[in-house]
Amino acid sequence: MEINIAKIAARQDGVITLAQLRHEIPARHRQRKLIEHGGLVRVAPGVYAINGSPDTYRRRLRSGLLSLGHDSWVSYEAAAQLHGLDRSRPDIVEFTVTRGRSVQCQPFTIHTSHRIPAIDRVEVDGLRCLSATRTVIDLAHARRSTARIEAAIDSAIRKGLSAPHTIATRLETLRGQGRWGCLLIQRLVVDSGGHSPLERRFLQICREAGLSRPLTQAIHRKGQRHIARVDFLFAAEAIVIEVSGQHGHSSPTERRRDAQRRNELQDLGRRVYEYTYADVTESPEMVRRTLLKRLCDENG
């Protein structure tokens, strides 16, 4: 293998473009020798992989971007996986290109868009990609399930890759283009921001009760020391609400940590209450009633 070819491929997840090959090896017979003798294997139009290099997910994404050229981005489920959004699948390779371009037949899924403004373009681990906000909207446009869209929204917000206001603002622009799925996102983003479907359900109970939205994943410190990250904080009332999953913490060590955490939060002047999975999912009216009482009691 030509040393310069190997170096270029090493920087590009094991692949090289035909244009790069021709630049490094101008002689056509040497190019053909590398390809015909199996040193290089075609993986996409105009893109070759070093024979024996691992067929990784990143290599497939890189191959598509190199084959499609600069006006192409990892998108939809592939972008969700690259951003690390919940319920992403590591086996789907999808790209978006600007509409009207002539694209050769690809071994990947290709979407087109009228235009891709700068606000939707990011780079993730050295790969051109559509933003998490745009990805959420695209997944809805692709008619993914409600649970899938909820997971994408909540994890994008949790990871700091988007925010409810950001999604809503971008949605207004794309809505004008008649994009399917906008109404679904508008409905789902209202109760977004929790770490789990259980937390999303609690936010829905708060909204339906007419309560102000609590802070989610609020960090508490004492001086420089981290004490806790709580599920919900009603800051004006100094009330912390935690929602526990179906299994909760059952070991002695976990229960001891929970008790210490609760005590330290109370030392900071917080009143701490907990609702279980069964409370939130099976007895939402009880949650609403007790929550309203506790908040009203604190307000006098």
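Above this text is the structure in question.
Just so it is clear, the model here is predicted, and its values are computed rather than measured. Residues take numbers from 1 onward in each chain, read along the sequence in its written order. Per-residue local features are limited, in this predicted model, to residues with pLDDT of at least 70; the limit for side-chain atom pairs, both in listing and counting, is 80 or more; totals at the level of whole chains, interfaces and linings are taken over all residues. By convention in this description, side-chain values take in all heavy atoms of the structure and omit both hydrogens and water.

**Section: the sheet that holds strand β11 (residues 239-244)**
(1) Moving on: In this scheme, strands are said to pair when DSSP sees at least two bridges between them. Each helix is a run of H or I in the DSSP string that is no shorter than four residues. Each strand is a run of E no shorter than two, and both are numbered from the N terminus. If you trace the 4 strands from one edge of the open sheet to the other, you get β9-β10-β11-β12, paired in mixed fashion. In the strand order of this sheet, the two ends are held by β9 (215-222) and β12 (271-276), each with one partner. Ignoring strand direction, the axes of neighbouring strands in this sheet form an average angle of 45°. In this description, a line fitted to the C-alpha atoms serves as the axis of each element, helices being fitted only across the stretch in contact, and the angle between N-to-C directions of two axes falls anywhere from 0 to 180 degrees.

**A word on the environment of Arg213**
(1) Moving on: With respect to the secondary-structure elements, Arg213 resides in the loop between α10 (197-208) and β9.
(2) Moving on: The buried label applies to any residue whose accessible area, calculated with a 1.4 Å probe on protein chains only, is under 20% of its type's maximum; exposed applies above 50%, and partly exposed to all values in between. For Arg213, a relative accessible area of 42% puts it in the partly exposed group.
(3) Moving on: Sequence separation between Arg213 and Thr56 is 157 residues, and the spatial gap between their C-alpha atoms is 43 Å.

**Description of the packing of helix α6 (residues 132-141) against helix α7 (residues 146-158)**
(1) Moving on: Put simply, α6 and α7 touch, their axes get as near as 10 Å, and they point 175° apart. The orientation of α6 with respect to α7, classified from their angle, is roughly antiparallel. Residues Ala132, Val136, Leu139 and Ala140 of α6 touch α7, and the partners they reach there are Arg148, Ile149, Ala152, Ile153 and Ala156.
(2) Moving on: For the contact of α6 with α7, the residue count by class is 8 nonpolar, no polar and 1 charged. Angular relationships are summarised with four words: roughly parallel below 35 degrees, roughly antiparallel beyond 145, roughly perpendicular across 65 to 115, and oblique for the angles in between. Residue contacts are defined here by distance: any two heavy atoms, one from each residue, within 4.5 Å place the two residues in contact. Note that Gly is not counted as nonpolar here; it falls among the polar residues with everything else outside the nonpolar set of Ala, Val, Leu, Ile, Met, Phe, Trp, Tyr, Cys and Pro and the charged set of Asp, Glu, Lys and Arg.

**Digging into the pairing of strand β2 (residues 40-44)**
(1) Moving on: As judged from the 4 bridges shared by β2 and strand β3 (residues 47-50), these two strands associate in the antiparallel manner. The partner of Ala44 across the bridge, within β3, is Val47.
(2) Moving on: Between β2 and β3, which pair antiparallel in sequence order, lie 2 residues; one of them, Gly46, sits at a positive phi of approximately 75°.

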